[in-house]
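# Secondary and tertiary structure notes
Here's the letter readout for the chains.
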Amino acid sequence: MMFFSGDATSKKKVDLGGRSGKERDRQKLLLQTKLEREQRQRLRIQTQSAKQIQKFVRGRREVAAVRPIIRSEFCAIYGEFSERADRNAFLPSSKFLSLLFFFFQSSNDGDVQRLVGACRLLKQSLSQSKISELFTVERTISELALASHRQKRLASLCVHSLFINCMSMKMELLKDVHPSAISQDSSVLLETLLLLTSDDSLWGNDVMEHLMRNKLFYFFRYILLQLKPDAKQSTREKTYLEYVVCCLAKRYVQTMSAANILPIEWGFPCQVLSIPLLWQRYPSLKQVFVYEGLWGHSIHLIASNLSKFISLLPSDTTPEFPSCICLLGNLLEVAAEGLCSSDCTLQLATDFAVVCTYLLEDLPSSFFRSSRDRNYDVSDDPGPDEDMDIDGPETTLSEPALEQQILHAADPELLKNLVRVAFLQSATNGPCTEAEAEAVGATCAFLYSIFMTLPTSRVITGLAYKAQLVPQLWTHIKRHHRLQSWPSIEFKGRNVLEMLVSRLPGWVLPLAVFCPVYSYLLMSIDNEEFYEQQRPLSIPDIIRLVSVLKEALWQLLWVLTNKQSSSSAHKPGSDAFGSRRMFSYHVFQQFVSKSASRLLAELHDRNSRRQFTPPEDFHARQGVDDYFVAQAEGEHTRARDLLRQAPFLVPFKDRVRIFTSHIAAARAENGPQNPMGRTRIKIRRDHITEDAFAQLNGISAEALKGTIRVMFVNELGVEEAGVDGGGIFKDFMEGITKTGFDVQYGLFKETSDHLLYPNPASQMVSDEHLQYFEFFGKMLGKAMFEGILVDIPFATFFLSKLRKKHSYLHDLPSLDPELYQSMLFLKHYDGDWSQLAAYFVVTHNEYGEQTEVELIPGGRDIQVTGDNVIKYIHLVAHHRLNTQIYQQSLHFLRGFQQVIHSEWIDMFNEHEIQTIISGSHEGMDVDDLRKNANYAGGYDEHHPVIEMFWEVVQKLDLGLQQKFLKFVTGCSRGPLLGFKHLEPQFCIQRAGLDDGSQEALDRLPTSATCMNLLKLPPYRSKEIIHEKLLYAITAGAGFDLS
């Protein structure tokens, strides 16, 4: 039995789509009808295509079947190889060419011979008649059209025959141009091409245009690649193939000038210029390319279609020869000649720079210089190997010949001619035109690109000396700085830089090139050239340059950096695009800022030695307020980065404040509360250096920064009374610096100006000489860390080692003035070099032992000449200033940096470091000392003796005031930030009873320099104070320890 459950009524269906069923059915019907219509259309197209294919195949079969018949008919009428044909064979009524065109196959050797026969007949006929008389009778429109068609077809067959049979014709094609070679089959085909494209022919331009549209240079590219003549045989004669390609290349330029709508992918620049090592394999093409208009045409064509042109380049022949790099190499190899030609215009130079800059971005990453070499003229101080082009390891392309082509970018002649053309109009006073601005921008972008890719020394040497870039580019910079108007300059690269540099001011690219080149020049410019001869820039120009640099750096490191940090233009990852990071915005900005800051630092250093402008001219106009100083004390701030790159924008005293704050923070971390920060030592006064070395050289950097308590032991071995509250330690530091840095100790020598530097022969003094240098580095760092001024005058070339800097020729006078004068004599010598008998060696004479050292491998056999004298001078200066004391300086720096961080000291130049070590050069501020003085033993600031004392000190001359300061503090100069920062504070203590006894009046003032303490008897008059004080400070009396 069946049971029923549920609702018997049918439920109504509701369409939630909002449409009725009829409407939905209508939509389905329309869609189905559309699909069926499209299906029928596809079937019709397929049917028609099948019919076309079948028709073509049937036609090809019929032609193939008829071809032997037509070939036999041709041979029966005109002979096997046209021996029965005459000049009438080319008339419109003749079947000669029609039959030949019908049966001809390039792969058929017999047909090729028949084509050669026809070409020979044409050549013979043209010796008697003009080409128009051969192909026409009445010159009607139809006859002219037929003649044009036949000549185009005949020229195409010649090209195809050479293309298909180039390997079998290889020996013929590579034969030299000679009357006997003209009769060869390949030569006949090539000559026919010249005849049919000749300017004398009525149809010459039409035939040439037809061939170009049908890949003429594509076929010749294949032929030139397949033949592969020996690239090393550069002295061989020109082949007939080269001769014809040269002629066709000239006609290509003429045709393109008349009809520039031809496809660029089949043109000469795209197909032929991308052949690897083109000029080496086919040297005769080089002259035609440069001097027959192809150079200018190709550069303009590529520049006007840059991105499209590169995308249309043929496929790479091999992985070692990328087409774009081959194109770059071929352009660079002929660029020096192309740029020096009389028809080289400003626009042509601009286009060349744009094209090469664009192509340089395609260099493989293996070709780019190593980071050490790339930073040569930008950030770190360079070594001599990079500066003077001494042989060293270099990264290379896998194909050395192609690398050599790319290195033509550093050819001095190329650089000279490019700079000459690009800056031709820079001497004018008004603002530059758009074309001039474009030329400057493109040239600077190209030079920046080769800075980042090629060996720096080659590029910069050519720009500095051969191209004379500095005065020419400076004229452009000065011109617009004076006008306060910079033209907009765009970097036409393909990557991020193209978009971002356009937002930067117009001075950025010129400075990116100017700064490293002028920095390089400054290394070899002596003081006479810089100050007296004022070459290459005058002193007023250098003062203006300082203004330009400080404004540029302030914009780059403070203003623009602030804008970028608050904008969305600079997003994480926007700088990275594979191996092209060196063309990114970040790397570019870093390049400009570091090269500009390095140049400013070098000018600041020159100004510190011999002032040519007030020091304030180097300071930024703004931003050195309390906010800036506070930010500079923090981590990862704009101010910190600015101080790291361009510290001289900030006034010296502000930098000292920041330095002092860093020291104070470090001392707080290593204060008495730090259990690891306290060390106790016992020192014998007569063995202070040895005992200190034994007990302190092995302690950690943290312990060295902490508190060190000193207990002195006298000659009898008894500990001296007293508790070290800082004064004994200061006495210890004074003692160890006096003995350790004394030239009698043997580790240091002094210059003729009594400035200290490491003894190059220190190994003869002690076997542990390097450990001692490291120890003395620690001691100097500890003195600076504790704020103890030490009156030790160091040579500037040695202090530069604290900043990891090399010293150069202009530092040599401070070491050896006589040697410096000898180097200047050689620099300007124009006599017979053989008479000097100078070689690449230097002689050492230490402690009676004479040794000879080669400056370069094999230097004993390399004579100094006018060509290598600059290199010799730099090597001598480098050896004396850097190499000789390298190990000593390295260990001294290693010890110094255990206490003083390199970032702290890098804020100062060598002269400023000396000031931090020994105190201010300025006169003693008596009022400041009086304001910060303490009193003991019954004296106070209003005591009559004290008031008379200050009046006496106030009236002393500068020299006596410095002697007084040395008498009471141990250093003749005061703290940089004033006597408030003297550690410990200056104190005047009464010596003797205030009873007016003769014993008290006869005593001299004495001092305890470890406590900065003056013990002053209670004299009755200013005259007595003056007399006694003068005697004490000039005789060196006192110096006892209380």
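Residues numbered from 1 in each chain as written. Predicted model: local features only at pLDDT ≥ 70, side-chain atom pairs only at ≥ 80, totals over all residues. Heavy atoms only, no water.

Right, let's talk about the overall build of the protein chain for a bit. Within the protein chain, the secondary structure is distributed over 48 helices and 10 strands. Burial status across the protein chain gives 53% buried among its 1042 residues. Counting every atom, the protein chain has about 47,300 Å² of accessible surface; 51% of that belongs to carbon and sulfur. (Helix = DSSP H or I, 4+ residues; strand = E, 2+ residues; numbered from the N terminus. Buried < 20%, exposed > 50% of the residue type's maximum accessible area, 1.4 Å probe, protein only. Areas by Shrake-Rupley, 256 points an atom, 1.4 Å probe, with all protein chains shown as cover.)

Let us look at the pattern of salt bridges. One pass over the structure, following the stated rule, counts 36 salt bridges. Here the residues in one salt-bridge network are Glu 635, Arg 640, Asp 641, Arg 644 and Glu 903, joined through shared partners. (Salt bridge = Lys/Arg side-chain N within 4 Å of Asp/Glu carboxyl O.)

This part is about the UniProt feature "active site" (unreviewed entry) in the protein chain. When the UniProt feature table is mapped onto this chain numbering, "active site" (unreviewed entry) sits at Cys 1010. Within the fold, Cys 1010 resides in the loop between β9 (1006–1008) and β10 (1013–1016). Here Cys 1010 falls in the buried class, since its relative accessible area comes to 3%. (UniProt positions renumbered as here; feature names shortened; annotations may be inferred.)

Counting buried residues in strand β2 (residues 707–713) gives 5 out of 7 residues, a clear majority hidden from the surface. Relative to β2, strand β1 (residues 678–684) is paired through 7 bridges, and the arrangement is parallel. The residue bridging Ile 681 from the neighbouring strand is Val 710, located in β2. (Pairing = 2+ DSSP bridges.)

So, about unusual backbone geometry. Pro 536 follows Arg 535 through a cis peptide bond whose omega is 0°. Position of Pro 536 among the secondary structure elements: in the loop between α27 (527–533) and α28 (539–566). At the junction of Glu 983 and Pro 984, the peptide bond is cis and its omega measures out at -15° in the coordinates. Here Pro 984 shows up in the loop between α46 (958–969) and β8 (987–990). Phi at Lys 804 is positive, roughly 60°, even though this residue is not glycine.

Viewed as axis vectors pointing N to C, helix α2 (residues 96–103) and helix α5 (residues 141–164) meet at an angle of 40°, and their least axial separation amounts to 11 Å. Taken as axis vectors, α2 and α5 run oblique relative to one another. Relative to α5, the crossing made by α2 is left-handed. Together, Leu 97, Ser 98 and Phe 101 of α2 and Arg 150, Arg 153, Leu 154 and Leu 157 of α5 make up the contact between the two elements. Here the residues of the contact of α2 with α5 sort into 4 nonpolar, 1 polar and 2 charged. (Axes fitted to C-alpha atoms, helices over the stretch in contact; angles between N-to-C directions. Parallel < 35°, antiparallel > 145°, perpendicular 65-115°, else oblique. Left-handed = near helix turned anticlockwise from the far one by under 90°. Contact = heavy atoms within 4.5 Å. Nonpolar A, V, L, I, M, F, W, Y, C, P; charged D, E, K, R; others polar.)

Looking at the secondary structure, you find Asn 165 in the loop between α5 and α6 (170–173). Within the structure, Asn 165 has its side chain in polar contact with the backbone oxygen of Ser 161 (distance 2.9 Å). (Polar contact = N/O pair within 3.5 Å; in protein donor to acceptor, adjacent residues only side chain to side chain.)

Looking now at a nonpolar patch on the surface. Taken together, Ile 53, Phe 56 and Val 57 make up a surface patch of nonpolar side chains, about 290 Å² in accessible area. Here Phe 56 is to be found in helix α1 (residues 21–78). Given a relative accessible area of 54%, Phe 56 falls into the exposed group. (Patch = residues over 30% accessible without salt bridge, like charges linked within 9 Å, V, L, I, M, F, W, Y side chains within 5 Å.)

A few words now on helix α36 (residues 769–785). Given a rise of 1.5 Å per residue, 17 residues ought to cover 24 Å, and the 24 Å separating the end C-alpha atoms of α36 matches this to within 8%. Summarising burial for α36: 16 of the 17 residues are buried, a large majority. Immediately downstream of α36, the backbone of Gly 787 shows phi near 75°, a positive value. (Expected span 1.5 Å × (residues − 1).)

Taking strand neighbours across the sheet as the criterion, the 4 strands line up as β7-β8-β10-β9 in an open arrangement whose pairing is mixed. For this open sheet the edge positions go to β7 (934–936) and β9, each flanked by a neighbour on one side alone. Direction aside, neighbouring strands of the sheet carry axes that sit 25° apart on average. Pairing analysis gives 3 bridges linking β9 to β10, with the strands arranged antiparallel. In the strand pairing of β10, Ser 1007 is matched with Leu 1014.

Quick look at α46 now. Taking 1.5 Å of rise per residue, 12 residues should cover 16 Å, and α46 covers 16 Å from first to last C-alpha, within 8% of that figure. For α46, the set of buried residues is Leu 960, Gln 961, Phe 964, Leu 965, Phe 967, Val 968 and Thr 969. One face of α46 carries all of its buried residues, which in axial projection span an arc of 165°. Among the residues of α46, the N-terminal cap falls to Asp 957, whose side-chain oxygen and the backbone nitrogen of Gly 959 are separated by 3.2 Å. Positive phi appears at Gly 970, one or two residues downstream of α46, with a value of about 90°. (Arc of directions from axis to C-beta.)

A few words on the packing of aromatic side chains. Following the criterion strictly, the structure yields 57 aromatic pairs and no others. Plain terms: the ring middles of Trp 295 and Phe 352 are 5.6 Å apart, the flat faces sit at 45° to each other, and that makes the pair tilted. On the criterion of sequence distance, the pair formed by Trp 295 in helix α14 (residues 294–304) and Phe 352 in helix α17 (residues 346–360) is long-range, its members being 57 residues apart. The burial state of Trp 295 is the same as that of Phe 352; both residues are buried. Pairing Phe 794 with Phe 798 gives two aromatic rings, centres 5.7 Å apart and planes at 50°, and the pair type is tilted. Across this residue pair, the class does not change: Phe 794 and Phe 798 are buried. Each residue in the set Phe 693, Phe 741, Tyr 745, Phe 748, Tyr 772, Phe 773, Phe 775, Phe 776, Phe 794, Phe 798 and Phe 892 is aromatic and connected to the rest through ring pairs, giving one cluster. (Phe/Tyr/Trp six-rings, centres within 6.5 Å; stacked < 30°, edge-to-face > 60°.)

Here we come to the packing of α36 against helix α41 (residues 886–896). Contact geometry of α36 with α41 gives a least axis separation of 6 Å together with a crossing angle of 40°. As the angle between them shows, α36 and α41 are arranged oblique. Taken as a pair, α36 and α41 cross one another with a handedness that is right-handed. Residues Leu 770, Phe 773, Glu 774, Phe 776, Gly 777, Lys 778, Leu 780, Gly 781 and Met 784 of α36 touch α41, and the partners they reach there are Gln 887, Gln 888, His 891, Phe 892, Arg 894, Gly 895 and Phe 896.

We now examine a positive patch on the surface. Residues Lys 34, Arg 37, Arg 40 and Arg 44 make up a contiguous surface patch of positive charge. If you trace the backbone, Arg 40 turns up in helix α1. (Lys, Arg positive; Asp, Glu negative; His and termini not counted. Charge placed at Lys NZ, Arg CZ, Asp CG, Glu CD.)

Attention now moves to the nonpolar core. Ranked by size, the top nonpolar core spans 280 residues in total, and within it Phe 446, Tyr 518, Leu 603 and Phe 732 carry the most contacts. The next biggest cluster of nonpolar side chains, apart from the first, holds 30 residues, and it includes Ile 946, Phe 964, Phe 979 and Leu 1001. (Core = buried A, V, L, I, M, F, W, Y, C linked by side-chain atoms within 4.5 Å.)

Here we come to the environment of Asp 111. Take Asp 111: it is sitting in helix α3 (residues 109–126). Placed 40 residues apart in sequence, Asp 111 and Arg 71 show a C-alpha to C-alpha distance of 8.8 Å. Leaving out residues up to four positions away in the same chain, Asp 111 has contacts with Arg 71, Phe 103, Phe 104 and Gln 105. At 3.0 Å, the side chain of Asp 111 and the backbone nitrogen of Gln 105 are in polar contact.

Another point: the confidence of the model for the protein chain. Detailed reading of the predicted coordinates is not advisable wherever pLDDT is low. Counting all residues, the mean pLDDT for the protein chain is 84, and 86% of those residues have values of 70 or more. In this model residues 370–396 is a low-confidence stretch, pLDDT under 50, and it forms 66 contacts with partners more than four residues away in sequence or in other chains. Throughout residues 566–579 the model reports pLDDT below 50, and contacts reaching past four residues in sequence, or to other chains, amount to 16 contacts. (pLDDT = per-residue confidence, 0-100.)

This next bit is on the side chain of His 481. Structurally, His 481 is set in helix α24 (residues 469–483). With near-sequence residues (within four places) excluded, His 481 lies in contact with Trp 486, Arg 544, Ser 547, Val 548 and Glu 551.

A word on the environment of Gly 117. Relative to the helices and strands, Gly 117 is located in helix α3. C-alpha separation for the pair Gly 117 and Glu 83, spaced 34 residues apart in sequence, amounts to 7.6 Å. Sequence-distant contacts of Gly 117, defined by excluding residues within four places in its chain, comprise Phe 81 and Ser 82.

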